[in-house]
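Listed below are the residues making up each chain.
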Amino acid sequence: QVQLVESGGGLVQAGGSLRLSCAASGRTFSSYTMGWFRQAPGKEREFVAAISESGAVTYYGDFVKGRFTISRDDVKKTVYLQMNSLKPEDTAVYYCASQSPYGGTPSSPRSYIYWGQGTQVTVSS
């Protein structure tokens, strides 16, 4: 049974920072690309960031523009998303995901087969 559990969300003022964590179990964590997506009310799920199984390659959504950093700790089986300079438009539920063994485009939700339950991030103006 694969489980992904996000934590670290909350309420923060614009310009502030949050670090999201996603703890994985039930799968060889280090073998798969991990991703972060977000979904705001009434909007489609949006790609935020992804990190390759080796950690050597990272991908970011266009809107990130240097504000977020994805990282992973394979010993702790955890992937992180450090978010700085947060804006009200970053308000959303943030989900982590583990990629399918068949791979795929890291920015596409269809490439991921396991998802966490999400953590709410709210940025006030």
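For the structure itself, consult the block above.
Residues numbered from 1 in each chain as written. Predicted model: local features only at pLDDT ≥ 70, side-chain atom pairs only at ≥ 80, totals over all residues. Heavy atoms only, no water.

Asker: Could you clarify how one ought to interpret the pairing of strand β3 (residues 18-25) in this entry?
Answerer: On a regular strand, each side chain points to the face opposite its neighbour's, so the side chains alternate between the two faces of the sheet. Of the pairings in the sheet, the one linking strand β1 (residues 3-7) to β3 comprises five bridges and is antiparallel in character. Paired with L4 across the two strands is A24, which belongs to β3. Sheet topology note: the β3/strand β8 (residues 78-83) ladder contains six bridges and is antiparallel. Note that in β8 the partner of R19 across the bridge is Q82. (Pairing = 2+ DSSP bridges. Helix = DSSP H or I, 4+ residues; strand = E, 2+ residues; numbered from the N terminus.)

Asker: What exactly am I supposed to notice about the pattern of salt bridges here?
Answerer: On inspection of all chains with the given rule, the structure shows four salt bridges. For D90, the salt bridge identified is with R67, shortest N-O distance 2.7 Å. With D90 in the loop between β8 and β9 (92-99) and R67 in the loop between β6 (58-60) and β7 (68-73), the pair connects residues that are 23 residues apart, well separated along the chain. When sorted by exposure, D90 lands in the same class as R67, which is buried. Residue D74 is joined to R72 by a salt bridge in which the shortest nitrogen-to-oxygen separation is 2.9 Å. What makes D74 partly exposed here is its relative accessible area of 32%. Salt bridges sharing partners connect three or more residues here, namely R38, E46, R67 and D90. (Salt bridge = Lys/Arg side-chain N within 4 Å of Asp/Glu carboxyl O. Buried < 20%, exposed > 50% of the residue type's maximum accessible area, 1.4 Å probe, protein only.)

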